[in-house]
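# Geometric and topological summary
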Amino acid sequence: MPPPPLIAGNWKMHQTPPQAADLAAKILELLPPNPGVEVLLIPPYPCLQTVHEVLQGDPRVALGAQNCHWEDQGAFTGEVSAPMLKAWCQYTLVGHSERRQLFHETDDIVRSKLEAVLRAGMRPVLAVGETAEERRLGQTHAVLARQARAGLLGLPLDQLLTCTVAYEPVWAIGSGAAADPSDIAEATAILREVVEEAASGQAPAVRILYGGSVTADSAAELLGARGVAGALVGGASLKAPEFCGIAAAVSR
Ligand code: PEP
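Residues numbered from 1 in each chain as written. Predicted model: local features only at pLDDT ≥ 70, side-chain atom pairs only at ≥ 80, totals over all residues. Heavy atoms only, no water.

A few words on the overall build of the protein. When you go through the protein residue by residue, the secondary structure sums to eleven helices and eight strands. Taken over C-alpha atoms, the radius of gyration comes to 17 Å for the protein, in line with the 18 Å a tight globule of 252 residues would show. Taken over the C-alpha atoms alone, the protein extends approximately 45 × 45 × 35 Å along its principal axes. Of all 252 residues assigned to the protein, the portion counted as buried reaches 53%. Accessible area for the protein stands at about 11,200 Å²; split by element, carbon and sulfur atoms hold 54% of it. (Helix = DSSP H or I, 4+ residues; strand = E, 2+ residues; numbered from the N terminus. Rg over C-alpha atoms; globule rule 2.2 N^0.38 Å. Buried < 20%, exposed > 50% of the residue type's maximum accessible area, 1.4 Å probe, protein only. Areas by Shrake-Rupley, 256 points an atom, 1.4 Å probe, with all protein chains shown as cover.)

Structure, rendered in C-alpha coordinates:
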(Lines give C-alpha, C1' and ligand atoms only; values in the text may rest on other atoms or scores of the structure.)
Protein backbone atom coordinates (compact mmCIF):
# COMPACT_ATOMS: atom_id res chain seq x y z
CA MET A 1 0.00 0.00 0.00
CA PRO A 2 1.53 3.37 -0.95
CA PRO A 3 1.47 5.99 1.81
CA PRO A 4 -1.42 8.52 1.64
CA PRO A 5 -0.78 11.89 -0.01
CA LEU A 6 0.98 14.39 2.22
CA ILE A 7 -0.29 17.96 2.48
CA ALA A 8 2.30 20.07 4.29
CA GLY A 9 1.78 23.69 5.35
CA ASN A 10 4.96 25.76 5.67
CA TRP A 11 4.00 28.78 7.76
CA LYS A 12 7.42 30.39 7.21
CA MET A 13 8.07 33.43 9.45
CA HIS A 14 4.36 34.01 10.13
CA GLN A 15 2.23 33.53 13.26
CA THR A 16 2.94 34.33 16.89
CA PRO A 17 2.29 31.43 19.29
CA PRO A 18 -1.32 32.55 20.05
CA GLN A 19 -2.05 33.01 16.34
CA ALA A 20 -0.51 29.63 15.62
CA ALA A 21 -2.68 27.99 18.27
CA ASP A 22 -5.80 29.51 16.64
CA LEU A 23 -4.78 28.43 13.16
CA ALA A 24 -3.98 24.87 14.26
CA ALA A 25 -7.30 24.65 16.14
CA LYS A 26 -9.22 25.87 13.07
CA ILE A 27 -7.48 23.31 10.87
CA LEU A 28 -8.39 20.52 13.30
CA GLU A 29 -11.98 21.74 13.29
CA LEU A 30 -12.24 21.79 9.49
CA LEU A 31 -10.52 18.48 8.76
CA PRO A 32 -12.92 15.55 8.43
CA PRO A 33 -12.45 12.63 10.86
CA ASN A 34 -10.74 10.63 8.08
CA PRO A 35 -9.10 13.23 5.84
CA GLY A 36 -7.69 10.63 3.40
CA VAL A 37 -4.37 12.49 3.45
CA GLU A 38 -1.60 13.00 5.95
CA VAL A 39 -1.55 16.64 7.06
CA LEU A 40 1.71 18.21 8.21
CA LEU A 41 1.97 21.60 9.90
CA ILE A 42 5.33 23.36 9.79
CA PRO A 43 5.19 26.43 12.06
CA PRO A 44 8.11 28.64 13.14
CA TYR A 45 10.23 27.28 16.01
CA PRO A 46 8.64 29.34 18.82
CA CYS A 47 5.19 27.99 17.91
CA LEU A 48 6.10 24.29 17.92
CA GLN A 49 5.34 23.62 21.55
CA THR A 50 2.06 25.54 21.40
CA VAL A 51 0.89 23.78 18.24
CA HIS A 52 1.99 20.45 19.68
CA GLU A 53 -0.27 21.13 22.67
CA VAL A 54 -3.20 22.05 20.44
CA LEU A 55 -2.80 18.89 18.35
CA GLN A 56 -2.76 16.66 21.43
CA GLY A 57 -1.48 13.74 19.39
CA ASP A 58 -4.36 13.98 16.88
CA PRO A 59 -3.50 11.19 14.39
CA ARG A 60 -4.68 13.31 11.44
CA VAL A 61 -1.93 15.89 11.77
CA ALA A 62 1.86 15.67 12.08
CA LEU A 63 4.20 18.46 13.12
CA GLY A 64 7.41 19.57 11.48
CA ALA A 65 10.15 22.20 11.69
CA GLN A 66 11.29 24.48 8.88
CA ASN A 67 15.02 24.03 9.38
CA CYS A 68 17.67 22.74 11.77
CA HIS A 69 21.42 22.92 12.28
CA TRP A 70 23.60 20.07 10.99
CA GLU A 71 25.33 19.52 14.34
CA ASP A 72 23.49 17.98 17.28
CA GLN A 73 24.83 20.56 19.75
CA GLY A 74 27.58 23.12 20.15
CA ALA A 75 28.59 26.77 20.12
CA PHE A 76 26.23 27.92 17.36
CA THR A 77 24.44 30.91 18.84
CA GLY A 78 20.92 31.31 17.56
CA GLU A 79 20.73 27.87 15.96
CA VAL A 80 18.43 24.94 16.75
CA SER A 81 19.46 21.28 16.45
CA ALA A 82 17.45 18.29 15.30
CA PRO A 83 17.51 16.54 18.71
CA MET A 84 15.91 19.70 20.19
CA LEU A 85 13.06 19.48 17.70
CA LYS A 86 12.45 15.81 18.18
CA ALA A 87 10.31 16.44 21.29
CA TRP A 88 7.62 18.01 19.09
CA CYS A 89 8.32 17.13 15.47
CA GLN A 90 8.04 14.06 13.31
CA TYR A 91 9.36 15.90 10.23
CA THR A 92 11.89 18.61 9.38
CA LEU A 93 12.10 20.52 6.12
CA VAL A 94 15.56 20.91 4.58
CA GLY A 95 16.72 22.71 1.46
CA HIS A 96 13.81 25.12 1.03
CA SER A 97 14.79 27.58 -1.71
CA GLU A 98 14.54 30.49 0.74
CA ARG A 99 17.24 28.77 2.83
CA ARG A 100 19.32 28.01 -0.25
CA GLN A 101 19.05 31.55 -1.65
CA LEU A 102 18.78 33.88 1.34
CA PHE A 103 20.97 31.91 3.73
CA HIS A 104 23.40 30.51 1.14
CA GLU A 105 22.79 26.87 1.94
CA THR A 106 24.71 24.69 -0.48
CA ASP A 107 23.86 21.12 -1.50
CA ASP A 108 26.48 19.93 1.03
CA ILE A 109 24.90 21.91 3.87
CA VAL A 110 21.45 20.63 2.94
CA ARG A 111 22.80 17.05 2.95
CA SER A 112 24.36 17.55 6.40
CA LYS A 113 21.05 18.86 7.70
CA LEU A 114 19.15 15.96 6.17
CA GLU A 115 21.52 13.56 7.93
CA ALA A 116 21.02 15.41 11.22
CA VAL A 117 17.25 15.00 10.84
CA LEU A 118 17.67 11.27 10.22
CA ARG A 119 20.08 10.89 13.18
CA ALA A 120 17.44 12.43 15.40
CA GLY A 121 14.88 9.88 14.20
CA MET A 122 12.74 12.38 12.28
CA ARG A 123 11.64 12.32 8.64
CA PRO A 124 13.27 14.82 6.28
CA VAL A 125 11.35 16.70 3.60
CA LEU A 126 13.98 17.61 1.00
CA ALA A 127 12.98 20.61 -1.12
CA VAL A 128 14.53 21.01 -4.56
CA GLY A 129 13.77 23.29 -7.47
CA GLU A 130 15.17 25.36 -10.29
CA THR A 131 15.22 29.15 -10.48
CA ALA A 132 13.61 31.08 -13.33
CA GLU A 133 17.06 31.72 -14.79
CA GLU A 134 18.03 28.04 -14.63
CA ARG A 135 14.76 27.17 -16.32
CA ARG A 136 15.37 29.77 -19.03
CA LEU A 137 18.80 28.28 -19.66
CA GLY A 138 17.36 24.77 -20.01
CA GLN A 139 19.07 23.58 -16.82
CA THR A 140 16.00 22.30 -14.95
CA HIS A 141 16.81 18.62 -15.37
CA ALA A 142 20.44 19.05 -14.29
CA VAL A 143 19.58 21.20 -11.27
CA LEU A 144 16.90 18.85 -9.99
CA ALA A 145 19.08 15.78 -10.47
CA ARG A 146 22.04 17.48 -8.76
CA GLN A 147 20.06 18.66 -5.73
CA ALA A 148 18.23 15.37 -5.31
CA ARG A 149 21.36 13.25 -5.76
CA ALA A 150 23.27 15.38 -3.25
CA GLY A 151 20.45 14.85 -0.77
CA LEU A 152 19.69 11.18 -1.27
CA LEU A 153 22.48 9.10 -2.80
CA GLY A 154 24.27 6.85 -0.34
CA LEU A 155 21.51 6.79 2.27
CA PRO A 156 20.71 3.32 3.62
CA LEU A 157 17.40 2.10 2.22
CA ASP A 158 15.60 2.23 5.58
CA GLN A 159 16.54 5.91 5.91
CA LEU A 160 15.70 6.71 2.30
CA LEU A 161 12.23 5.32 2.91
CA THR A 162 11.61 7.96 5.59
CA CYS A 163 12.40 10.82 3.16
CA THR A 164 9.96 12.93 1.18
CA VAL A 165 11.07 15.05 -1.77
CA ALA A 166 9.31 18.32 -2.62
CA TYR A 167 9.63 19.74 -6.13
CA GLU A 168 9.33 23.48 -5.74
CA PRO A 169 10.23 25.55 -8.80
CA VAL A 170 11.60 28.73 -7.23
CA TRP A 171 9.76 30.94 -9.72
CA ALA A 172 6.43 29.41 -8.68
CA ILE A 173 6.84 30.04 -4.95
CA GLY A 174 4.64 32.86 -3.73
CA SER A 175 4.23 34.16 -7.28
CA GLY A 176 0.69 33.02 -8.00
CA ALA A 177 2.04 31.34 -11.15
CA ALA A 178 2.13 27.60 -10.53
CA ALA A 179 3.97 25.20 -12.83
CA ASP A 180 1.98 23.34 -15.51
CA PRO A 181 0.91 19.81 -14.64
CA SER A 182 3.01 18.54 -17.56
CA ASP A 183 6.13 20.30 -16.20
CA ILE A 184 5.37 18.96 -12.74
CA ALA A 185 5.05 15.42 -14.12
CA GLU A 186 8.37 15.80 -15.97
CA ALA A 187 10.16 17.09 -12.87
CA THR A 188 8.63 14.34 -10.77
CA ALA A 189 9.91 11.72 -13.21
CA ILE A 190 13.45 13.12 -12.90
CA LEU A 191 13.22 13.00 -9.11
CA ARG A 192 11.76 9.50 -9.18
CA GLU A 193 14.78 8.37 -11.22
CA VAL A 194 17.12 9.72 -8.56
CA VAL A 195 15.11 8.04 -5.80
CA GLU A 196 15.41 4.74 -7.65
CA GLU A 197 19.13 5.29 -8.21
CA ALA A 198 19.49 5.91 -4.47
CA ALA A 199 17.62 2.66 -3.85
CA SER A 200 19.91 0.70 -6.19
CA GLY A 201 17.20 0.20 -8.78
CA GLN A 202 14.34 -0.58 -6.42
CA ALA A 203 11.21 1.58 -6.48
CA PRO A 204 10.75 2.67 -2.87
CA ALA A 205 7.57 4.36 -1.64
CA VAL A 206 9.15 7.81 -1.30
CA ARG A 207 6.60 10.57 -1.76
CA ILE A 208 7.30 13.36 -4.21
CA LEU A 209 5.35 16.54 -3.53
CA TYR A 210 4.74 19.62 -5.63
CA GLY A 211 4.99 23.11 -4.13
CA GLY A 212 4.49 26.55 -5.65
CA SER A 213 1.33 28.66 -5.53
CA VAL A 214 -1.00 25.73 -4.79
CA THR A 215 -4.52 26.84 -3.81
CA ALA A 216 -7.72 24.97 -3.02
CA ASP A 217 -8.92 25.77 -6.55
CA SER A 218 -5.79 24.57 -8.33
CA ALA A 219 -4.92 21.62 -6.08
CA ALA A 220 -6.84 18.89 -7.91
CA GLU A 221 -5.26 19.75 -11.26
CA LEU A 222 -1.71 20.39 -10.00
CA LEU A 223 -1.56 17.48 -7.61
CA GLY A 224 -3.21 15.19 -10.14
CA ALA A 225 0.00 15.41 -12.22
CA ARG A 226 1.58 12.00 -12.75
CA GLY A 227 3.78 10.87 -9.87
CA VAL A 228 2.77 13.61 -7.44
CA ALA A 229 1.91 12.47 -3.91
CA GLY A 230 0.85 15.71 -2.25
CA ALA A 231 1.84 19.34 -1.77
CA LEU A 232 4.12 21.65 0.11
CA VAL A 233 2.00 24.75 0.61
CA GLY A 234 3.17 28.21 1.68
CA GLY A 235 0.76 31.15 1.51
CA ALA A 236 -2.42 29.09 1.33
CA SER A 237 -1.47 27.17 4.48
CA LEU A 238 -2.05 30.30 6.58
CA LYS A 239 -5.80 30.20 5.91
CA ALA A 240 -7.46 27.18 7.48
CA PRO A 241 -10.35 26.83 4.94
CA GLU A 242 -7.95 27.18 2.00
CA PHE A 243 -5.46 24.69 3.42
CA CYS A 244 -8.16 22.18 4.31
CA GLY A 245 -9.64 22.70 0.84
CA ILE A 246 -6.30 21.59 -0.64
CA ALA A 247 -6.33 18.51 1.59
CA ALA A 248 -9.92 17.74 0.52
CA ALA A 249 -9.02 18.10 -3.17
CA VAL A 250 -6.46 15.29 -3.01
CA SER A 251 -8.12 13.11 -0.39
CA ARG A 252 -8.06 9.38 -1.25
C1 PEP B 1 6.72 27.35 -0.25
O2 PEP B 1 7.24 28.34 0.24
O3 PEP B 1 7.19 26.23 -0.01
C4 PEP B 1 5.56 27.52 -1.11
C5 PEP B 1 5.19 26.52 -1.85
O6 PEP B 1 4.95 28.74 -1.08
P7 PEP B 1 3.59 29.16 -1.86
O8 PEP B 1 2.61 28.05 -1.68
O9 PEP B 1 3.16 30.42 -1.19
O10 PEP B 1 3.97 29.35 -3.28
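The element strand β7 (residues 207-211) is extensively covered by neighbouring structure, given that five of its five residues are classed as buried. Neither face of β7 is exposed, since Arg207, Leu209 and Gly211 on one face and Ile208 and Tyr210 on the opposite face are all buried. Pairing geometry for strand β6 (residues 164-167) and β7, over four bridges, is parallel. Residue pairing in the sheet places Val165 in a bridge with Ile208 of β7. Read as a crossover between parallel neighbours, the route from β6 over helix α9 (residues 181-198) to β7 is right-handed. (Pairing = 2+ DSSP bridges. Right-handed = clockwise from strand over helix to strand, strands pointing away.)

So, about the side chain of His96. Examined against the element boundaries, His96 turns out to sit in the loop between β4 (91-94) and α4 (97-102). Residue classification places His96 among the buried residues on the basis of a relative accessible area of 5%. Once residues within four sequence positions are removed from consideration, His96 is found in contact with Asn10, Lys12, Ala127, Glu168 and Ile173. (Contact = heavy atoms within 4.5 Å.)

Attention now moves to the site of the ligand. Around the ligand, 14 residues are found, and the nearest of them are Lys12, Glu168, Gly174, Ser213 and Gly234. The side chain of Glu168 places a nitrogen or oxygen atom 2.7 Å from an oxygen atom of the ligand. Protein contacts shield 96% of the accessible area of the ligand, which totals 290 Å² for the unbound molecule. Of the residues belonging to the shell around the ligand, the class tally is four nonpolar, eight polar and two charged. (Near = heavy atom within 4 Å. Polar contact = N/O pair within 3.5 Å; in protein donor to acceptor, adjacent residues only side chain to side chain. Nonpolar A, V, L, I, M, F, W, Y, C, P; charged D, E, K, R; others polar.)

Let us look at the sheet that holds β4. Read around the closed barrel, eight strands run β1-β2-β3-β4-β5-β6-β7-β8, paired in parallel fashion. Within this sheet the neighbouring strands show an average axis-to-axis angle of 25°, counted without direction. Of the pairings in the sheet, the one linking strand β1 (residues 6-10) to strand β2 (residues 38-42) comprises five bridges and is parallel in character. Residue Leu6 lies in a different strand from β2, and its bridge partner there is Glu38. In this fold helix α2 (residues 48-55) packs onto β2 and β3 (61-65), with an angle of close to 175° to the strand it touches most, β3. (Axes fitted to C-alpha atoms, helices over the stretch in contact; angles between N-to-C directions.)

Below, the discussion takes up the state of the cysteines. Applying the stated criterion across every chain, the model contains zero disulfides. Note on Cys163: no disulfide assigned, nearest cysteine sulfur contributed by Cys68 at a separation of 13 Å. Among the residues examined, Cys163 registers a relative accessible area of 1% and is labelled buried. You can see Cys244 has no disulfide; the closest cysteine sulfur is in Cys47, sitting 18 Å from it. Given the relative accessible area of 8%, Cys244 is considered buried. (Disulfide = S-S within 2.5 Å.)

It is worth stressing that arrangement in space is one thing and function is another; only the former is reported here.
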